[in-house]
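Per-entry structural report
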Amino acid sequence: MKPSEATQGTLGNAGETPPAVSVCLHVLKKRTDFLACNKGNYRGVKGFVLQARDRQDGTTDIRVGFTCSKKVGNAVARNRAKRRLREVARLTLPQMGRAGWDYVLIGKREVTATRDFQVMLSDMKYALKKVHE
RNA sequence: GCGGAUGGCUGGAUGGCCGCACGUCUUCGGGCGUGAGGAAAGUCCGGACUUCAUGAAGCAAAGGCGGCGGGUAACGCCCGCCCGGGGUAACCCGAGGGAAAGCGCAACAGAAAGCAAACUACCUGUCUUCGGACGGGAAAAGGUGAAACGGUGGGGUAAGAGCCCACCACGGUGAUGGUAACAUCACUGGUAUGGCAAGCCCCGCCUGAAGCAAAACCAAGUAGGAACCGCGCGGCCUGUAAGGGUCGGGGCCGCUUUAGCCCCAGCAGGUUCGGGUGGUUGCAAGAGCGCAUCAGUAAUGAUGCGCCCAGAUGAAUGGUCAUCAAGGGCUUCGGCCUGAACAAAAUCCGGCUUACAGGCCAUCCGCGAAA
RNA sequence: GCCGCUGUAGCUCAGAUGGUAGAGCACGUCAUUCGUAAUGAUGUGGCCGGAGGUUCAAGUCCUCUCAGCGGCA
């Protein structure tokens, strides 16, 4: 993770950053919700895997879940990967997510915890575009 | 200074913007406070706590511990000492009771693997076909093996042997020192007592079982099931009957004894429990931490003062940027690059074990004139 | 979080009471057949998950450790 000149300008602008995840998003807690997303649209990018599904139950909440299994690494690596995924979701989903959809982000070994954060954000935008098609 | 030994500490810092969990205040906009470790890990020991088992005593089984003394709530931990081994030394290592209570094991090799015996060789008697055969003595030498019934030296003898002597080792007795393990000294014995108990076992001591996914409570109330209430209830005696008395059988953690408790036809019904779901409690003031004084060689204890220090449950402590910095690499000596290991609570404590980049401190030892 | 179980040949498993590690399938070679399969004979292949310890000697006994798997509201 090298700080590059290009990324310095876009970060640090407080006006663009959205408020907390919990205000706009709900967190998935049920195992059945995760399994349902597993059958939905699927897109893998270098840093992680995105799954999405239109619930079609009339509600307009955007819900999001995170999965980092033991394959990702030990407890330290799993926590770190999950936090970065949560931050990615917080910065993108309120603008680009669709109402009434569920999203699940799955961490990958080594990559999720170490990939440059700006690249992860553009990965997410690309994956969302593909998953909505 | 170089090379070591031991014990301990630390294991990034500051700030900006956005964000998370809990607590608290609120004018509901938000503000304030706190927020991973020395191992949070492995789950190897010991407890607290909770539930289950009817109480007590004894026995058995199973498992563990094991020099001595002390510390502790307790321990398989810690401290001090003893013994044995290693190291020039500082110091380190040791599952360190019993093999003269008993059973068992030792492949291959070797004459022989634990009662002792005798293959080659040694000494000697008789016979001899001069190759040797048979008998006696003896256990030093040879070879085998991981291990062969004390070791070294001398005397002694036909050859030899604790057969005798000196020293060492070992056993027994006594004295002295020490709380003790044990040590030292004196006398004495003359081979008895080889190894393995992380083989069975013996001796001494300890242990009821499960575990916070334990467990308690609340909400909602359904399929199949269990218990209790009610009707009613084993044999015998007495009684017209109600009732009373007496004798049994079975169950209550492996066994026994004793005390006590429960059950012993069936069922339309009523009540409750239990199974699954969600939530609350358990769940954060404790064998707590820091400092000082005193007792003690120390582990540790006592007293005083001060402090409050995570509490999640698809599981919070993050993302990003800047500055600084120990250290490392390159160097044209201007500087440039890099820039933190092992690893994250899940009921809580005391330990052990394992992982760990780098840095710091203290004490001690050897070499060296000294640094 | 707590409690258990298993690691042996390429694969599936044996291995009592410590003493030269075995079986089946697979693989190689040969025979049989005009040729293949099947069948028969024969051979190769293991530091027994890793590191220490006890012992003369450890797959086996003890301790630590690393993987994999299962159960518990």
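Preceding this paragraph is the structure being described.
Looking only at helices and strands, one finds 6 helices and 5 strands in chain A. Secondary structure of chain A in N-to-C order comes out as α-α-β-α-β-β-β-α-β-α-α. Residues counted as buried form 38% of the 133 residues belonging to chain A. As displayed, chain A offers around 8100 Å² of accessible surface, 51% of which is attributable to carbon and sulfur atoms.

In this structure, Arg 63 sits in strand 4 (residues 62-67). Polar side-chain contacts of Arg 63 include one of 2.9 Å to the side chain of Asp 102. Apart from residues lying up to four places away in sequence, Arg 63 is in contact with His 26, Leu 28, Asp 33, Arg 53, Arg 55, Trp 101, Asp 102 and Tyr 103.

The next point concerns the layout of surface pockets. There is about 170 Å³ of room inside the second largest pocket. In terms of lining, the second largest pocket is formed by Arg 31, Phe 34, Leu 35, Asn 38, Gln 51, Thr 67, Val 104 and Ile 106. In terms of residues, the lining of the second largest pocket owes the most to one element, helix 3 (residues 31-38), which gives 4 residues. Of the residues contributing to the lining of the second largest pocket, the split by class is 4 nonpolar, 3 polar and 1 charged.

What counts, and where the lines are drawn
- Sequence order sets the numbering: in each chain, residues are counted from 1 along the sequence as written.
- Throughout, the order in which chains and ligands are written sets their labels, letters from A for the former and numbers from 1 for the latter.
- Confidence filtering applies because this is a predicted model: local features only for residues at pLDDT of at least 70, side-chain atom pairs given and counted only at 80 or more, and all residues used for totals across whole chains, interfaces and linings.
- Water and hydrogen atoms play no part in the side-chain values, which are based on all heavy atoms of the structure.
- Numbering goes from the N terminus for both helices and strands, where a helix is a DSSP run of H or I of at least four residues and a strand is a run of E of at least two.
- Accessibility here uses a 1.4 Å probe with only protein chains present; expressed as a share of the type maximum, an area under 20% marks a residue as buried, one over 50% as exposed, and anything in between as partly exposed.
- Residue exposure ignores everything except the shown protein chains as possible cover, and the areas themselves are Shrake-Rupley values with a 1.4 Å probe.
- Two N or O atoms form a polar contact when they lie within 3.5 Å of each other; inside protein one atom must be a possible hydrogen donor and the other a possible acceptor, and for residues adjacent in sequence the pair counts only when both atoms belong to side chains.
- Two residues qualify as a contact provided that any one of their heavy atoms is within 4.5 Å of a heavy atom in the partner residue.
- Cavities and pockets are found on a 1 Å grid laid over the protein atoms alone: a cavity is a set of points where a 1.4 Å probe fits but cannot escape, a pocket is an open set with protein on both sides within 12 Å along at least five of seven lines, and a lining residue has an atom within 4 Å of such a point.
- Grid points are joined across faces, edges and corners, and a volume is the space filled by probe spheres set on the points.
- Amino acids are sorted into nonpolar (Ala, Val, Leu, Ile, Met, Phe, Trp, Tyr, Cys and Pro), charged (Asp, Glu, Lys and Arg) and polar (every other residue, Gly among them).

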